[in-house]
Amino acid sequence: RKEVEQDPGPFNVPEGATVAFNCTYSNSASQSFFWYRQDCRKEPKLLMSVYSSGNEDGRFTAQLNRASQYISLLIRDSKLSDSATYLCVVLFQAGTALIFGKGTTLSVSS
Amino acid sequence: GAVVSQHPSWVICKSGTSVKIECRSLDFQATTMFWYRQFPKQSLMLMATSNEGSKATYEQGVEKDKFLINHASLTLSTLTVTSAHPEDSSFYICSARKFVAGTYNEQFFGPGTRLTVL
């Protein structure tokens, strides 16, 4: 059973579209949750943390449902520069390593 | 900010040779560093957790005698791929955790090292 699972993708959307990514995690005791972005052949970069109350950063909105062990990321008004792989990341326990999902690839076209 | 560097950024070697990858935290001390490996179209898979001054903890399925990790100082960890084979070709990424008391200790990632074994 995989620890962090994501939508398989890829997602191909036009500029201006709204796109949503989903993720589930297996360890109910997990403490912290994040979305990372990874560009081709680059290291992952933190996009945003995810809180139970939901949080928004510009065009990006993240949601966490602890009961369902479900995390989501919504991107509104997609830009060409949003094209990347989005990684769902979970920290099971303080002091341990981040655990990554396989990632969902987004391609935004003009 | 917190910067983590890796060297080399890419390496091509012959099968059977050993390759050393360095991971440095440039502007902070990292008591813990992590080594990940990423194959094409796959996720980052944790290989091992490296604590300064002690032996690394390896994830299940990762051979500790093949992937030697040394974390001799608070700013440097090295990963040596011994007797590399083509199946070891991958993107190796390190990360360092910046400890700040009372807060979440963010992991900062190095730029990665792309290893190709011929």
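For the structure itself, consult the block above.
Residues numbered from 1 in each chain as written. Chains lettered and ligands numbered in written order. Predicted model: local features only at pLDDT ≥ 70, side-chain atom pairs only at ≥ 80, totals over all residues. Heavy atoms only, no water.

Colleague: Can you help me understand the sheet that holds strand β1 (residues 4-7) of chain B in this one?
Modeller: Whenever strands of a sheet pair, they do so through backbone hydrogen bonds, lying parallel or antiparallel. Residues and elements named next belong to chain B. Spatial strand order, β1-β3-β8-β7: 4 strands in an open sheet with antiparallel pairing. Two strands lie at the open edges of the sheet, namely β1 and β7 (67-73), each paired on one side alone. Taking each pair of neighbouring strands and ignoring which way they run, the sheet shows an average axis angle of 15 degrees. Relative to strand β8 (residues 76-81), β7 runs antiparallel, the two sharing 5 bridges. (Pairing = 2+ DSSP bridges. Helix = DSSP H or I, 4+ residues; strand = E, 2+ residues; numbered from the N terminus. Axes fitted to C-alpha atoms, helices over the stretch in contact; angles between N-to-C directions.)

Colleague: What is the right way to read the interface of chain B and chain A from this model?
Modeller: One widely used convention gives an interface's size as the accessible area the parts lose upon coming together. With 18 residues of chain B in contact, the opposing surface of chain A contributes 17 residues. Contributions of two or more residues to the side of chain B that touches chain A are made by β4 (32-38), β5 (44-51), β9 (90-97) and β10 (107-109) of chain B. Grouping the constituent residues of the side of chain B that touches chain A by class yields 9 nonpolar, 5 polar and 4 charged. (Contact = heavy atoms within 4.5 Å. Nonpolar A, V, L, I, M, F, W, Y, C, P; charged D, E, K, R; others polar.)

Colleague: Quick question: what am I supposed to make of unusual backbone geometry here?
Modeller: Working note: non-glycine residues mostly have negative phi, and peptide bonds are mostly trans. Here the residue pair H7 of chain B and P8 of chain B is connected by a cis peptide bond, since its omega of 0 degrees sits within 30 degrees of zero. Here P8 of chain B is to be found in the loop between β1 and β2 (10-13). You will see that D77 of chain A, though not glycine, has its phi angle at about 50 degrees, which is positive. For D77 of chain A, the location among the structural elements is in the loop between β8 (70-75) and β9 (84-91).

Colleague: Would you mind going over the state of the cysteines with me for this structure?
Modeller: As used here, a disulfide is simply a covalent bond connecting the sulfur atoms of two cysteines. This model, assessed by the stated rule, comprises 2 disulfides over all chains. Through a disulfide, C23 of chain A is tied to C88 of chain A; the S-S separation comes to 1.9 Å. On the sign convention where negative is left-handed, the bridge of C23 of chain A and C88 of chain A, at about -75 degrees about the S-S bond, is left-handed. With C23 of chain A in strand β3 (residues 19-25) and C88 of chain A in strand β9, this pair connects stretches of sequence that are 65 residues apart. The pair formed by C23 of chain A and C88 of chain A is uniform in burial state, with each residue classed as buried. Across the disulfide from C23 of chain B sits C94 of chain B; the S-S distance is 2.0 Å. Here the S-S torsion is close to 80 degrees, and the disulfide linking C23 of chain B with C94 of chain B is therefore right-handed. Of this pair, C23 of chain B sits in strand β3 (residues 19-25) while C94 of chain B sits in strand β9, and the two are 71 residues apart along the sequence. (Disulfide = S-S within 2.5 Å. Buried < 20%, exposed > 50% of the residue type's maximum accessible area, 1.4 Å probe, protein only.)

Colleague: Looking at this model, I keep getting lost on the nonpolar core. Mind explaining?
Modeller: Note on soluble globular proteins: their nonpolar side chains tend to be buried together. Grouped together as the largest cluster of nonpolar side chains are 26 residues, with contacts concentrated most on V4, F28, W35, F67, L79, Y92 and L115 of chain B. Put simply, the parts of the chain that give this core at least two residues each are β2, β3, β4, β5, β7, β8, β9 and β11 (113-117) of chain B. Those residues in contact with L79 of chain B that lie beyond four places of it in its chain are V19, K20, I21, W35, F67, L68, I69 and Y92 of chain B. Of all hydrophobic cores here, the second largest spans 25 residues; its members include A17, F33, V50 and Y86 of chain A. (Core = buried A, V, L, I, M, F, W, Y, C linked by side-chain atoms within 4.5 Å.)

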